[in-house]
Amino acid sequence: MSITSDFSTTIQDEADVLSIAVMGPTGTGKSSFINLLSGSNLGVGRELESCTDEVQISESFSLDGHTINLIDTPGFDDTKLTDTRILNMIASYLALTYSRGKRLAGVIYMHRITDNRIGGISARNFRLFRSLCGETSLCNVVIVTTMWDNIDISIGEERERELMTKESFFKPAIEKGCRMLRHNNTLESAQAIVRSIAKSNRSVTLQIQEELGRGLDITETRAGKELCREVFEQMERHREEIRGIVVEIQEAARARDEESRKELTLERARTEAVIARLQEDSANVTRGYHDALSKLEERLKVAEASAAAHCSRNFMAPGSGEEKNFGHRNDHAGQTHSPIVQAVAATENSNAVLEGKLAAAIPIVGFWGRLAVMLAPFSLTWR
C-alpha cells in the first residue's frame, strides 16, 4: 500500500471523506480498480489466485471536490482464507467503523462479465454479500461488471441483459435500487462508477453493522446465519464425496488395484481434513470475530497514540511557527523551515524516517487515514 505524505497538506475534516467498500469474488479486479483510481499499490492477484487476504484502505484521492477512500476486501471464495475468517475480518472492520460513527458512502460489488453464468461460487458470493448489506442499503450499491476487454462485445451485452433481467441473477437487487455499471478498465469508467455513488450525497448503514451495533452475536446476524448454512451444505457435499470414495476403495480392493486404492485413501483423508477444518471454523465463529475486533481496536489505539504524540511533539511547538509553516520552503535561505523535513532529507533510509512519515500521514486523513496506516503492510512506498 502506498501512502502519500505531504507536510504542507492541511488536516481534512473527517466528515468530508467518502469511504466506499469494494467487494466481490476473487479475480474480479477489485484491487486493480482501486489502484487505478487512487494510485495505491495494493497487491493484485493473477487469474483466480487471491492476493487480498486482509481488509485494506487505499490512498485518499479527489474526485469532483470529494475526498475518497476505497476499501479493498477479500472475496468469500478466497484461495488462502476460510469463509468464516473472511466474514470475521469484514464484520469486525465494519463494526469498528460503525461504532466510531463512520458511515460508508456506498458499496461496489464486482462481477466478471466473462463468467458464463452466475452459479456455484458466484451465486454464493452474492448471497453472502446481500446478507451483509441487507435490503434497505441496496440503493447505495453498484454492481460493476468487469473484464469487458476479454469478451466479444455482443456476447457481453447478452450476458449483461441476462444478469439484469433474470430472477436468479441480479434482477431482485436491481428492483430494490441497486445499479449496474460497466468497468472498461479505464480511468474514465472507474471514475464514473465512483461518481455515481459520490453524487448521491447519502451515507449507508449495512445490515450487519446495525445488527452488531445492537448487540447481536455474529452467528445471529443474517450474514452469520447464511454462512453457517453454507458451511453445513459444504460439509454435507464433502461427506457425500467420502461415501463415493469409500465405494471406489472397496472396488479397487476387490480388483486388487493397490495403486488406485492408495490414491483414493489419500483423497479420502484430504476430504476428511477439509470437513474437520470446516467444523472447527464453524464452532469458533464467535470467538474468531471477537479476536479480530480486539486486534483492530488495539491497532487503532496504537495508531491514534502515535498520531497524538507526533502532533504534540512536532506540529504544535510553542513559538516555532511550525504549526503554520511546516513543509514550506524558505526560498531565500534555500532550506526548509521544518526540522521534520530536514530530518527526512538527511536520513531518508532510517527507521526513524519511516516512523516520522507514518505519523505525519495519520493526521492528514483523520480516522480513515489512521485505519489505512493501521491496516497497511509494513513495507510502505512513498510518492
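Under an unreviewed UniProt entry, the chain has the name G domain-containing protein and belongs to Psilocybe cubensis.

A. Up close: the overall build of the chain. For the chain, the helix and strand inventory stands at 14 helices and nine strands. Within the chain, the proportion of its 383 residues that are buried is 47%. Partitioning the contacts of the chain with sequence separation of at least 6, the portion at a separation of at least 24 is 73%. Of the accessible surface of the chain, which amounts to about 18,800 Å², a share of 50% is contributed by carbon and sulfur atoms.

B. Layout of helix α8 (residues 222-254). With 33 residues, α8 extends 49 Å between its outermost C-alpha atoms, agreeing within 8% with the 48 Å of an ideal straight helix rising 1.5 Å per residue. Of the residues one or two after α8, Arg256 is the one with positive phi, at around 55 degrees.

C. Up close: the state of the cysteines. Counted according to the given criterion, the structure contains zero disulfides. For Cys178, which is in no disulfide, the shortest distance to another cysteine sulfur is to Cys133 and amounts to 8.7 Å.

D. Examining helix α6 (residues 187-198) more closely. The first and last C-alpha atoms of α6 sit 16 Å apart over 12 residues, in line with the 16 Å expected at 1.5 Å per residue. Residues of α6 that are buried: Ser189, Ala190, Ile193, Val194, Ser196, Ile197 and Ala198.

E. Examining the packing of helix α1 (residues 30-38) against α6 more closely. Where α1 meets α6, the closest approach of the two axes is 10 Å, and the angle between their N-to-C directions is 95 degrees. The pairing of α1 with α6 is recorded here as roughly perpendicular in orientation. Across from Phe33, Leu36 and Leu37 in α1, the residues of α6 making contact are Leu187, Ala190, Gln191, Ile193 and Val194. In terms of residue class, the contact of α1 with α6 is built from seven nonpolar, one polar and no charged.

F. How the structure looks around the nonpolar core. Counting residues in each nonpolar core, the largest one holds 53 residues, and the members touching the most others are Leu87, Leu104, Val107, Phe129, Leu132, Ile208 and Ile218. Residue contributions to this core peak at nine residues, all from helix α2 (residues 83-99). Residues contacting Leu104, with those up to four places away along its chain left out, are Ser19, Ala21, Ile71, Leu94, Ser203, Val204 and Leu206. Within the second largest apolar cluster, 21 residues are counted, among which are Ile34, Leu42, Ala105 and Ala198.

G. Here's a closer look at the pattern of salt bridges. One pass over the structure, following the stated rule, counts 24 salt bridges. In this structure, the salt-bridge partner of Glu236 is Arg239, at a minimum N-O distance of 2.8 Å. Of this pair, Glu236 and Arg239 both sit in helix α8, separated by three residues, roughly a single helical turn. The exposure class assigned to Glu236 is partly exposed, which follows from its relative accessible area of 33%. For Arg239, a relative accessible area of 27% translates into the label partly exposed. Among the ionic pairs, Glu240 bridges to Arg243, the shortest N-O distance being 2.8 Å. Of this pair, Glu240 and Arg243 both sit in helix α8, three residues apart, roughly one helical turn. One continuous salt-bridge network, built from bridges that share partners, spans Asp83, Arg124, Arg127, Glu226, Arg229, Glu230 and Glu233.

H. Structural context of the pairing of strand β5 (residues 106-112). When you tally the buried positions in β5, you get seven out of seven residues, the bulk of the element. Burial of the side chains of β5 extends over both faces: Gly106, Ile108, Met110 and Arg112 are buried on one face and Val107, Tyr109 and His111 on the other. Bridge count between strand β1 (residues 17-23) and β5: four bridges; the pairing is parallel. Following the sheet pairing, Ile20 is matched in β5 by Gly106.

I. Highlighting the packing of aromatic side chains. Counted by the stated rule, this structure contains four aromatic pairs. Taken together, a centroid distance of 5.0 Å and an interplanar angle of 65 degrees make the contact between Tyr109 and Phe126 edge-to-face. A residue pair is termed long-range when its members are at least 10 positions apart, and Tyr109 in strand β5 and Phe126 in helix α3 (residues 121-133) qualify at 17 residues. Of the two residues, Tyr109 and Phe126, both sit in the buried class. Ring geometry for Phe126 and Phe170: centres 4.7 Å apart, planes at 65 degrees, overall edge-to-face. Here Phe126 is found in helix α3, whereas its partner Phe170 is found in the loop between α4 (153-165) and α5 (171-175), with 44 residues between them in sequence. Judged on exposure class, the residue Phe126 and its partner Phe170 are both buried. The ring of Trp148 has Arg182 sitting right over it, with the charged end atom 4.2 Å from the ring centre.

J. Quick peek at the packing of α8 against helix α9 (residues 258-283). Where α8 contacts α9, the axes come no closer than 9 Å and their chain directions differ by 160 degrees. Classed by the angle they form, the pair α8 and α9 counts as roughly antiparallel. The interaxial crossing formed by α8 with α9 has left-handed handedness. Grouping the amino acids of the contact of α8 with α9 by side-chain chemistry returns 12 nonpolar, seven polar and seven charged.

K. Summary view of the pairing of strand β6 (residues 141-146). Extensive coverage of β6 is indicated by the burial of six of its six residues. Covered by surrounding structure in β6 are Val141, Ile143 and Thr145 together with Val142, Val144 and Thr146, the residues of both alternating faces. In terms of strand pairing, β5 meets β6 through six bridges, oriented parallel. By the bridge assignment, Tyr109 is partnered in β6 with Ile143. Alignment of β6 against strand β7 (residues 179-182), held across four bridges, turns out to be parallel.

Analysis parameters
- The written sequence of each chain sets the order in which its residues are numbered from 1.
- For this predicted model, a pLDDT threshold of at least 70 governs which residues receive local features, and a threshold of 80 or more governs which side-chain atom pairs are given and counted, while totals over whole chains, interfaces and linings are taken from all residues.
- Heavy atoms from the whole structure form the basis of all side-chain values; hydrogens and water molecules are not counted.
- In this description a helix means any DSSP run of H or I spanning at least four residues, a strand means any run of E spanning at least two, and both kinds are numbered starting from the N terminus.
- We call a residue buried when its accessible area falls under 20% of the maximum for its residue type, exposed when it is over 50%, and partly exposed in between, using a 1.4 Å probe and counting protein chains only.
- By definition in these notes, contact holds between two residues if any of their heavy atoms fall within 4.5 Å.
- In this description, accessible areas are obtained by the Shrake-Rupley approach with a 1.4 Å probe, and a residue is regarded as covered only by the protein chains that are shown.
- Expected helix span is taken as 1.5 Å per residue step, with the number of steps being one fewer than the number of residues.
- The criterion for a disulfide is a pair of cysteine sulfur atoms lying within 2.5 Å.
- Axis lines are fitted to C-alpha atoms, over the contacting stretch for helices. Their N-to-C directions set the angle, which ranges from 0 to 180 degrees.
- Orientation is classified from the angle alone, with under 35 degrees giving roughly parallel, over 145 giving roughly antiparallel, 65 to 115 giving roughly perpendicular, and any other angle giving oblique.
- When residue character is reported, Ala, Val, Leu, Ile, Met, Phe, Trp, Tyr, Cys and Pro are called nonpolar, Asp, Glu, Lys and Arg charged, and the others, Gly included, polar.
- Nine residue types can take part in a nonpolar core, namely buried Ala, Val, Leu, Ile, Met, Phe, Trp, Tyr and Cys, and a core is a set of them joined through side-chain atoms within 4.5 Å.
- We define a salt bridge as a contact between a side-chain nitrogen of Lys or Arg and a carboxyl oxygen of Asp or Glu at a distance within 4 Å.
- Paired strands are those between which DSSP finds at least two bridges.
- Geometry of aromatic contacts follows a simple scheme: Phe, Tyr and Trp rings, the Trp one being its six-membered ring, pair when their centres are within 6.5 Å, and the pair is stacked under 30 degrees between planes, edge-to-face over 60, tilted otherwise.
- Two thresholds decide whether a charge sits over a ring: the Lys NZ or Arg CZ must be within 6 Å of the ring centre and within 35 degrees of the ring normal.
- For a crossing to be left-handed, the near helix must be turned anticlockwise from the far one by less than a right angle; the clockwise case is right-handed.

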